[in-house]
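A look at the structure
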Amino acid sequence: MATAEATIQSGTTAGSKTGLWSWITTVDHKRIGIMYAVTALVWFLVGGLEALLIRIQLAKPENDFLSADVYNQIFTMHGTTMIFLVGMPIAVALFNYIVPLQIGARDVAFPRLNALSYWIYLFGGIFMNVSFLLGAAPNMGWFGYTPLTTEMYSPGLNADFWSVGLQILGIASIMGGVNFITTIINLRAPGMTLMRMPLFTWMALVQSFLVITALPVFAVALFFLSFDRFYGTTFYNTMAGGDPFLWQHLFWIFGHPEVYILILPAFGIISDVLPSFTRKPLFGYNMVVYSGVLIGFIGWGVWAHHMFATGMGPIADSFFSIATLIIAIPTGVKIFNWLATMWGGTIRFNTPMLFCIALVAMFTIGGISGVHHGSPPADLHQTDTYYVVAHFHYVLFGGLIMGLFAGFYYWFPKVTGRMLDEKLGKWNFWLFVIGSNMTFFPMHFAGLLGMPRRIFTYAEELNLATINQIITVGGFLTGVGVLVFAWNVIRSLKKGEIAGNNPWGSHTLEWATTSPPPEYNFAELPEIRTREPLWDGISSVDVTGPPKAPIHMPSPSFWPILTAASINLALILMMTEKWWPPVLGVALVLLCVINWAYEPASEH
Amino acid sequence: MADNRSGAAHEVAHQEHGHPGARTYIMVALVLTIITAAEVAVAYVPSLRPVLAYILITLSAAKFALVVMYYMHLKFDSRIFSGVFLAPFSLALLVVVALVILFKLIPFV
Amino acid sequence: MNHAAAASSDHHYTATGLNTFKLGFWTLIGSESLFFASLISTYMVYKGESVRGPFPSDVFNIPLTSFSTFVLLMSSLMMVLALAAVQRGDRKGSLLWLFMTALFGSIFLGCQAYEFTHFYHAGLTLGTNVFGSSFFILTGFHGAHVLMGVIWLLILWVQALRGQLGAKDALTVEVAGLYWHFVDIVWIAIFTLIYLLD
């Protein structure tokens, strides 16, 4: 059985295929990466808009801009969107584009599976947001605690959309995780040993392990919830012996590794960007790798620190508290490694570097308030206040978003062949830094003064108005920063300075090939001998130019999009509350998968 | 690691790993059957009730190990396969043990 | 079930010398163990929490389940024999053992269908109590996996029948086998933790 493959003969130019159909059937990791990035950035705008609506509502006491119910939908969808439709997929977008280039591969291990993940994600995201059109967006908070989410307390469609939508997105993530693990282990170029891999690829590997282990637990928790709602099971029904804590435990067993799923890609980005802009290798490469792996494993043993306020008792509280405090150590190790990399370097303050510096500073602040929550007595006072909101926005905006933007500015030239504008980039940076600190720092005080999270308004006598006004102004400044970025991208696509192969003088393999790279990435690759191949002799001359031998690339396929549609359909049909429609849906999936497996092959 | 194995060379390497033959497979099946019979039997012995859980978990762990090592070839295959399976599997064990402790033991301490 | 990917990576260079499809599948199995671990722990957490019957001791039929456990264990033996036959290029052997594996899997499914019907008549449904919910969903997901395996094996069997399953496809069969044995080890855990321990 031969594979569906197209052969690129020497001399043919890649990337000549255009048009909508070529994007729908593409299995090229670079195109899929671009589609992931564009889709996730659209959701980023949606999620950002939701954040601004929240801020308008809270700008003055007893505001009636949003009703309580709409407010619930907006903050739930803000959290859900930012985590599942933005945070995870943007990392996946960068993995898709960059990881195969960094390890010297021609594509990911399973190109069609990669396309399938994307289409499931796209359809799943659309499905969840369609709920707005029905006026029934999820409205119970992004961690959907039972029994609030059970039929009795959430009779509407809102929680249905949430449980089915996240189930769909989880499948896309798991398949992506399997794909990246296999790619990174198996498709490295000759000489690219594990301990020579760029840090971004390393963190992609650790993150993918977390994805394939944490997401199945969430899938089970969500199946229980869906079955409770649609088929009358009693998992979270206290009257039949069910225990709402089961949801909390299953959710946070997923939910805490999820935090590291979100942040590790940003750690990878900064660890690759810093050496480029300080002109020296990463300080303590091994320690950064090991601490990343350690974070991954310890991250699995701390979930119940989200539940200190539920009264688990002193034994469980102590255990999870100690584990939580321990995880600060490997995280601190990384911070010091980054600082030591900058120390004594020839630093160039380009936009990617600026975002990295902001990451180090803001993530440290968020990390320290995280240690506060790690102590149960302190946490009891902070739970469900804005102090917690401040904490996770410092780690997620200050850590994840700053890291991702560093990545955008850093890799945009590789993807498009043009530089993003530095001047606009600096506007973007300063608006982000000032705006986000103005937004999230006062939240610490609002929280300590007793302002609860997820409350749609507050009384004037509480004296919270000034703080909230400052926060709202900060939020809008951040929003302007996003607009500047969007303008920068649109403008630079046409008018940006031509980048060349390696505009930053970086050290990793993706910079050796052309910008943008040809469909097959590298014409050929010499053996990799060091961690910084481009600083140690490998140059563009070695890897570009017409391929000397024919290169086999996977053929486009329309089965991924059809399979994705049928997987979505099968899960959505659960909402009929009958058993046979989803079974029919699964049969359809099976049909697609069989056709996929036996897709007609072209001999080569 | 850098050697560029051709398909044929790979095939040879595969043979050298040497998956066990039918004889071993049948022996394993026999042991599996005996262990299963033993499991069912001990479940019916009232005097073993206090230690039943330990016996049963040990026996089923043995069955699990036999299938994974012989039928799934992890004993003979590359360590990398064992790694990508056992890392998540150890977390799976952690989930079961932790949840049982959290729900069944700690509330009664 | 990505046969094409299996075939393609077989003759491609890989960093570890390992087949990409097989490596990806082992990763997927790792992921699946977390899925079943969550289902099994839920059953164990809810053991003895049901507020009304039927309870496990009212409905479990250990002799029947021991039989179906034995059948599934033996199907794993058939599966390795099928793989060995495919690797030798023994068409008759491949046909026989693939069919036997699928048949034993089907017998297991038959036992499960009988068991579910019996429980249903004894008054245990999905919504009766937490025992019913956690039991049916756990064994139901496992049964669905067995069903997928049977379908996969039958597809391979048809391929063998048409003379299209040779030694070059050994890897595809090996991966189908990995799936099958995984479903078997999940059942080993279920049989002990759910049926025998109470």
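Residues numbered from 1 in each chain as written. Chains lettered and ligands numbered in written order. Predicted model: local features only at pLDDT ≥ 70, side-chain atom pairs only at ≥ 80, totals over all residues. Heavy atoms only, no water.

**Points about the overall build of chain C**
Of the regular secondary structure elements, chain C holds 7 helices and 0 strands. Counting from the amino terminus, chain C carries its helices and strands in the arrangement α-α-α-α-α-α-α. Principal axes of the C-alpha set define a box for chain C whose edges measure 60 × 35 × 20 Å. Of all intrachain contacts in chain C linking residues separated by at least 6 positions in sequence, the fraction that spans at least 24 positions is 79%. In the form shown here, chain C has an accessible surface area of approximately 6200 Å², with 66% of it arising from carbon and sulfur atoms. (Helix = DSSP H or I, 4+ residues; strand = E, 2+ residues; numbered from the N terminus. Contact = heavy atoms within 4.5 Å. Areas by Shrake-Rupley, 256 points an atom, 1.4 Å probe, with all protein chains shown as cover.)

**Concerning the interface of chain B and chain A**
Every contact between the two is made by 15 residues of chain B and, on the other side, 21 residues of chain A. Summed over both sides, the interface between chain B and chain A buries roughly 1400 Å², with carbon and sulfur atoms accounting for 91% of that surface. On the chain B side of the contact with chain A, B:Leu91, B:Leu102 and B:Phe103 bury the most area, a combined 33% of that side's loss. For the pair chain B and chain A, the interface holds 0 salt bridges. At the boundary of chain B with chain A, the tally comes to 0 residue pairs in polar contact (both at pLDDT 80 or more). Here the side of chain B that touches chain A is composed, by residue class, of 15 nonpolar, no polar and no charged. (Buried area = accessible area lost by both parts, 1.4 Å probe. Salt bridge = Lys/Arg side-chain N within 4 Å of Asp/Glu carboxyl O. Polar contact = N/O pair within 3.5 Å; in protein donor to acceptor, adjacent residues only side chain to side chain. Nonpolar A, V, L, I, M, F, W, Y, C, P; charged D, E, K, R; others polar.)

**Describing the nonpolar core**
By size, the foremost hydrophobic cluster in this structure holds 296 residues, and its most contacted members are A:Trp162, A:Phe218, B:Tyr71, C:Phe60 and C:Ile194. A total of 23 residues in this core trace back to one element, the largest contributor, which is helix H6 (residues 199-231) of chain A. With near-sequence residues (within four places) excluded, C:Phe60 lies in contact with C:Tyr43, C:Phe119, C:Phe131, C:Phe135, C:Ile194 and C:Tyr195. (Core = buried A, V, L, I, M, F, W, Y, C linked by side-chain atoms within 4.5 Å. Buried < 20%, exposed > 50% of the residue type's maximum accessible area, 1.4 Å probe, protein only.)

**Comments concerning the confidence of the model for chain B**
Looking at chain B as a whole, the pLDDT averages 84, with 83% of positions reaching at least 70. Residue range residues 1-16 of chain B is modelled with pLDDT below 50. Its contacts to residues more than four positions away, or to other chains, number 15 contacts. (pLDDT = per-residue confidence, 0-100.)

**Section: the interface of chain A and chain C**
Contact with chain A, which involves 46 residues of that partner, is made by 46 residues of chain C. Note on chain A versus chain C: buried area summed over both sides is about 3700 Å², and carbon and sulfur give 71% of it. The interface formed by chain A and chain C includes 0 salt bridges. Applying the counting rule to chain A against chain C returns 11 residue pairs in polar contact (both at pLDDT 80 or more). Contributions of two or more residues to the side of chain A that touches chain C are made by helix H5 (158-186), H6, helix H7 (244-278) and helix H17 (580-597) of chain A. Residue contributions to the side of chain A that touches chain C peak at 10 residues, all from H6(A). Taken together, the residues of the side of chain A that touches chain C sort by class into 32 nonpolar, 10 polar and 4 charged.

**Re unusual backbone geometry**
Only a minority of non-glycine residues have a phi that is not negative, and only a minority of peptide bonds are not trans. With an omega of -10°, the peptide bond between A:Ser515 and A:Pro516 qualifies as cis. Considering the arrangement of structural elements, one finds A:Pro516 in the loop between helix H14 (465-495) and helix H15 (540-543). In this model, C:Gly53 is joined to C:Pro54 through a cis peptide bond whose omega is 0°. Positionally, C:Pro54 belongs in the loop between helix H2 (20-45) and helix H3 (56-59). Positive phi outside glycine occurs at A:Asp384, with the angle close to 60°. Examined against the element boundaries, A:Asp384 turns out to sit in the loop between helix H11 (376-382) and helix H12 (386-416). By relative accessible area, A:Asp384 is classed as partly exposed at 41%. Here A:Asn463, not a glycine, exhibits a phi torsion of approximately 60°, which is positive.

**Some points on the packing of aromatic side chains**
Under the defined criterion, the tally for this structure stands at 89 aromatic pairs over all chains. Between A:Phe218 and A:Phe251 the ring centres are 5.4 Å apart and the planes differ by 80°, which places this aromatic pair in the edge-to-face class. Of the two residues, A:Phe218 is situated in helix H6 and A:Phe251 in helix H7; the sequence distance between them amounts to 33 residues. Exposure class is identical for A:Phe218 and A:Phe251. Each is buried. Seen from their ring centres, C:Trp152 and C:Tyr179 are 5.7 Å apart, and the 50° between their planes marks the pair as tilted. Of this pair, C:Trp152 sits in helix H6 (residues 130-161) while C:Tyr179 sits in helix H7 (residues 170-196), placing them 27 residues apart in sequence. Taking relative accessible area as the criterion, C:Trp152 reaches 4% and is therefore assigned buried. Judged by its relative accessible area of 10%, C:Tyr179 is buried. When the ring centre of A:Trp23 is taken as origin, the NZ or CZ atom of A:Arg31, which lies over that ring, is 4.4 Å away. (Phe/Tyr/Trp six-rings, centres within 6.5 Å; stacked < 30°, edge-to-face > 60°. Lys NZ or Arg CZ within 6 Å of the ring centre and 35° of its normal.)

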